[in-house]
Amino acid sequence: MNQLYQRKHDNQKINVIIDMETGDPDDLLTLMFAACHPRVILHAVTLTPGSEQQVQLVRHVLATLYSSLYSKQAKKTKQQQRPVVRVGAQEWPKFRKKKGCANLKFYESFLYPPIDDSEHTPGEVERPRGRTKRKKSNKSAEVTHITTPVSSKHIDEIIYPAAELIRDVSQELRGKLTILTGGPLHNLGAALSLEGDEISLERWVAQGGFCGEGVVPDSIPTLPKFEGLSHVQTWNFGGSKEAAMLALQSEKIKRRVLVGKNVCHRCTFDGDMERRLQSRAAGERSNKRDGDDDPGHTAAIKWIYTAISSRYSPKDMNEGGDSMDGARKQKNSKALHDPLALATMLDEDTCSLRQVEVTHVQECGHTLWGSELAEEDSRTFAAVDYDHTRFVNSLLW
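Residues numbered from 1 in each chain as written. Predicted model: local features only at pLDDT ≥ 70, side-chain atom pairs only at ≥ 80, totals over all residues. Heavy atoms only, no water.

(A) View of the overall build of the protein. For the protein, the helix and strand inventory stands at 14 helices and 15 strands. Within the protein, the proportion of its 397 residues that are buried is 56%. When contacts within the protein are restricted to residue pairs at least 6 apart in sequence, long-range pairs at least 24 apart make up 80% of them. Of the roughly 17800 Å² of accessible surface on the protein, a fraction of 46% belongs to carbon and sulfur atoms. (Helix = DSSP H or I, 4+ residues; strand = E, 2+ residues; numbered from the N terminus. Buried < 20%, exposed > 50% of the residue type's maximum accessible area, 1.4 Å probe, protein only. Contact = heavy atoms within 4.5 Å. Areas by Shrake-Rupley, 256 points an atom, 1.4 Å probe, with all protein chains shown as cover.)

Here is the structure:
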């Protein structure tokens, strides 16, 4: 069934809402890959918990990407027809002043890309100059304010309550909508719970859940920490158990695709992906198609490459078996949880999927999540394995 779905969308654009948090770098990397992907029509980004700090960060990233995608150098392709992106926050403005939602040094390492003044023309979005203000602390640094906010005609300036925004986009598109979730499901659960308003989603792709004993075939590799387990804790479902159960059972969602810990914890930034990013950032393509070699996309990919390589190094060795230089050795290998969910959204054959029923058990006061093979149509498909080459191909088109 996943092959049929992939072929159906192979040459079609996908209407998307991204529901995310910002506590981990791969959340923002997912947004960056999605926002500049030629097959993604990004209608909205919803945030949890939804602080003003998060809203500012997301708007900044989108505006900077779109300044490349819509620049005078970019070809006049259908990319210019993207809708204005709306930003929503959980129960806005309830968590407006909440702190600590973007407290990783990662963000400052790439937040302001280089400026080429020769490319700027009046009326074009200005890229920010300067750096972020930081709190002096021995703890991990926190982005407290973006000194030069960016505005863009492609981003709505209103901040919406997330649940209502999901409902509105769903109604506008008559259900032809995919929502990609990378955090606790507060916003999706709230949208499904709205009274008197019909909401319909063609597909929900989640980074969350777990497949273990009894579901994953013995021939598929299992990380040592998951060997023999059928249920584990998972923050993205456990962060709001009620919302997760509602989304997993709702008839308003036609298809559910879950990319769980058993798979996404195996997916890392490796040497092959770094080389592919380097090539794309240089404007090179292995499989060019009409309209895909837009210089705006090349500029966007170059910024993504700067972001991920500024702090993380590939997990494997360089070609020829030589170890990485001393500076790179100090960096951490980066697991790419949410980007794998995005790649699966773009091409479900990125993962091997099995139809399941999601289960949960209580253990020592904690909720553990797992799955079992479905005996009848559950509309829920969970990943048991993934193809790394297909993962990279999906993200880099």
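Continuing now.
(B) Here's a closer look at the pattern of salt bridges. All chains considered together, the criterion is met by 10 salt bridges. For the salt bridge of Asp-168 with Arg-167, the shortest nitrogen-to-oxygen distance reads 2.9 Å. Look at Asp-168 and you get partly exposed, because its relative accessible area is 25%. According to the relative accessible area criterion, Arg-167 is buried, its value standing at 15%. Across the pair Arg-255 and Glu-348 runs a salt bridge, and its minimum N-O distance is 2.6 Å. With Arg-255 in the loop between α8 (241-249) and β10 (256-259) and Glu-348 in the loop between α13 (337-346) and β13 (351-363), the pair connects residues that are 93 residues apart, well separated along the chain. Judged by relative accessible area, Arg-255 falls into the buried class, the value being 7%. For Glu-348, a relative accessible area of 1% gives the class buried. (Salt bridge = Lys/Arg side-chain N within 4 Å of Asp/Glu carboxyl O.)

(C) Fine view of the side chain of Thr-181. The residue Thr-181 is located in strand β7 (residues 178-181) in this model. By relative accessible area, which is 1% here, Thr-181 ends up buried. One polar contact links Thr-181 to Trp-204, side chain to side chain, over a distance of 2.9 Å. With near-sequence residues (within four places) excluded, Thr-181 lies in contact with Asp-19, Leu-188, Trp-204, Val-205, Ala-206 and Gln-207. (Polar contact = N/O pair within 3.5 Å; in protein donor to acceptor, adjacent residues only side chain to side chain.)

(D) The arrangement of the environment of Ile-304 in detail. For Ile-304, the position within the fold is in helix α11 (residues 295-309). Between the alpha carbons of Ile-304 and Leu-28 there is a distance of 9.9 Å; along the sequence they are 276 residues apart. Every residue in contact with Ile-304, bar those within four places of it in the chain, is listed here: Met-32, Phe-33 and Cys-36.

(E) Spotlight on the pairing of strand β15 (residues 380-386). With 7 of 7 residues buried, β15 is to be regarded as a mostly interior element. Where β10 meets β15, 3 bridges bridge the pair, whose relative direction is parallel. When the sheet's bridge partners are listed, Val-257 is paired in β15 with Phe-381. Here 5 bridges tie β13 to β15, and the two strands are oriented antiparallel to one another. By the bridge assignment, Arg-354 is partnered in β15 with Ala-382. (Pairing = 2+ DSSP bridges.)

(F) Quick look at the sheet that holds strand β6 (residues 155-161). The strand order across the open sheet built from 11 strands is β6-β3-β2-β1-β7-β8-β10-β15-β13-β14-β9, with neighbouring strands paired in mixed fashion. Only two strands of the sheet have a single neighbouring strand rather than two, namely β6 and β9 (231-232). Here strand β2 (residues 40-47) pairs with strand β3 (residues 85-89) via 4 bridges, running parallel. Its bridge partner lying in β3, Ala-44 is registered against Arg-86. Contacting β8 (203-207), β10, β13, β14 (366-373) and β15, α8 crosses the sheet at an angle of about 15° to β14. (Axes fitted to C-alpha atoms, helices over the stretch in contact; angles between N-to-C directions.)

(G) Geometry of the packing of aromatic side chains. Taken as a whole and judged by the stated rule, the model has 4 aromatic pairs. Measuring from ring centre to ring centre gives 5.4 Å for Phe-237 and Trp-369, while their planes differ by 75°; the resulting arrangement is edge-to-face. With Phe-237 in helix α7 (residues 235-238) and Trp-369 in strand β14, the pair connects residues that are 132 residues apart, well separated along the chain. Of the two residues, Phe-237 and Trp-369, neither departs from the other in class, the shared state being buried. (Phe/Tyr/Trp six-rings, centres within 6.5 Å; stacked < 30°, edge-to-face > 60°.)

(H) Region of interest: the confidence of the model for the protein. Of all residues in the protein, 76% attain a pLDDT of 70 or more, and the chain-wide mean is 80. This stretch, residues 114-149, has a pLDDT under 50; its non-local contacts, to residues over four places away or in other chains, come to 77 contacts. Across residues 317-331 the pLDDT falls below 50, and counting only partners more than four positions away or on other chains, this stretch makes 19 contacts in the model. (pLDDT = per-residue confidence, 0-100.)

(I) Spatial organisation of unusual backbone geometry. Look at the link from Thr-48 to Pro-49: it is a cis peptide, with omega at 0°. Residue Pro-93 is reached from Trp-92 by a cis peptide bond, and omega for that bond is 5°. Look at Glu-91: it is not a glycine, yet its phi comes out positive at around 50°. In this structure, Glu-91 sits in the loop between β3 and α4 (105-110). Located in the positive-phi region is Trp-397, a residue other than glycine, with phi close to 35°. Here Trp-397 lies in the segment after α14 (388-396).

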